[in-house]
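What the coordinates show
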Amino acid sequence: MWNLPNILTLLRIALIPIFIGVYYLPWEGRHLASAAIFGIAAGTDWLDGYLARKLDQFTPFGAFLDPVADKLIVASALIMLLESHANVLFALPTLVIIGREIVISALREWMAELGNRTSVAVSYLGKVKTTLQMIAIAILLAIDPVLYPVLDLMGIALLYVAALLTLWSMLIYLKAAWPELSKVT
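Residues numbered from 1 in each chain as written. Predicted model: local features only at pLDDT ≥ 70, side-chain atom pairs only at ≥ 80, totals over all residues. Heavy atoms only, no water.

**Details of the overall build of the chain**
In terms of helices and strands, the chain carries six helices and zero strands. Each helix and strand of the chain, ordered N terminal to C terminal, gives the series α-α-α-α-α-α. Expected size for 185 residues packed as a compact globule is a radius of gyration near 16 Å; at 17 Å, the chain falls within 12% of this value. The principal-axis extent of the C-alpha atoms belonging to the chain is close to 55 × 40 × 20 Å. With 185 residues in all, the chain has 41% of them scored as buried. Within the chain, residue pairs in contact and separated by at least 24 positions form 74% of the contacts whose partners lie at least 6 positions apart. Taking the average location of the 12 positive side-chain charges in the chain and that of its 13 negative ones, the two points are 8 Å from each other. (Helix = DSSP H or I, 4+ residues; strand = E, 2+ residues; numbered from the N terminus. Rg over C-alpha atoms; globule rule 2.2 N^0.38 Å. Buried < 20%, exposed > 50% of the residue type's maximum accessible area, 1.4 Å probe, protein only. Contact = heavy atoms within 4.5 Å. Lys, Arg positive; Asp, Glu negative; His and termini not counted. Charge placed at Lys NZ, Arg CZ, Asp CG, Glu CD.)

**Considerations on the packing of helix α1 (residues 4-23) against helix α2 (residues 30-54)**
When two helices pack together, their arrangement is given by the angle between their axes and by how far apart the axes lie. It is the contact of α1 with α2, at a shortest axis distance of 9 Å, that shows an interaxial angle of 170°. Relative to α2, the element α1 is oriented roughly antiparallel. In this structure, the crossing between α1 and α2 has a hand that is left-handed. Taken together, the residues of the contact of α1 with α2 break down into 17 nonpolar, four polar and four charged. (Axes fitted to C-alpha atoms, helices over the stretch in contact; angles between N-to-C directions. Parallel < 35°, antiparallel > 145°, perpendicular 65-115°, else oblique. Left-handed = near helix turned anticlockwise from the far one by under 90°. Nonpolar A, V, L, I, M, F, W, Y, C, P; charged D, E, K, R; others polar.)

**What to know about the pattern of salt bridges**
Under the criterion given, the structure shown has eight salt bridges. Between K71 and E101 there is a salt bridge, with the nearest N and O atoms lying 3.2 Å from each other. Taken as a pair, K71 in helix α3 (residues 60-84) and E101 in helix α4 (residues 88-113) lie far apart in primary sequence, 30 residues in all. Here K71 falls in the partly exposed class, since its relative accessible area comes to 22%. The class of E101 is buried, set by a relative accessible area of 11%. For the salt bridge of K129 with E101, the shortest nitrogen-to-oxygen distance reads 2.9 Å. Linking K129 in helix α5 (residues 124-142) with E101 in helix α4, this pair joins segments that are 28 residues apart in sequence. (Salt bridge = Lys/Arg side-chain N within 4 Å of Asp/Glu carboxyl O.)

**Side note on the side chain of K129**
According to the relative accessible area criterion, K129 is buried, its value standing at 3%. Here the side chain of K129 touches T130 through a polar contact of 3.5 Å, side chain to side chain. Not counting chain neighbours up to four residues away, the residues in contact with K129 comprise R100, E101, A162, L165, T166 and S169. (Polar contact = N/O pair within 3.5 Å; in protein donor to acceptor, adjacent residues only side chain to side chain.)

These figures come from the coordinates and say nothing about function on their own.
Encoded structure:
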């Protein structure tokens, strides 16, 4: 359980309250500092997976905790950013991203109970979606939306692309699970 990939995943979770706390500090550099901490946390997502493969250190604990850490960091950041972007333009992709994570988590758990979890395993599209989410969130954390409206719109546009990929990947997962979902008992 206590290997480097799992420690990095735990670090990612531990950094969540830190980047949130820094974001709310009454300090001019809070945006860049919170984005940097978020970026470090997001980078551990790639690094822990790479090290688990490279060092052959896969564990059931890591397989459970890694996706949980990803969902926690993304949901925490989006909910926090919703305060400074309190409008439907920002709420819509936030709802899509968080809602999809809940649906797919439940789907994976249910499919695992049926012994068929591999049909809803993480895909390449899911990795691209996660990367775009992390980049969009980092941009949105890094800037004051009032001072940098163009960069803010760029971050929101990336978030919309990530939300569209989120829906697409959800449809792929649901299609893969459809034979089980549509069974009549």
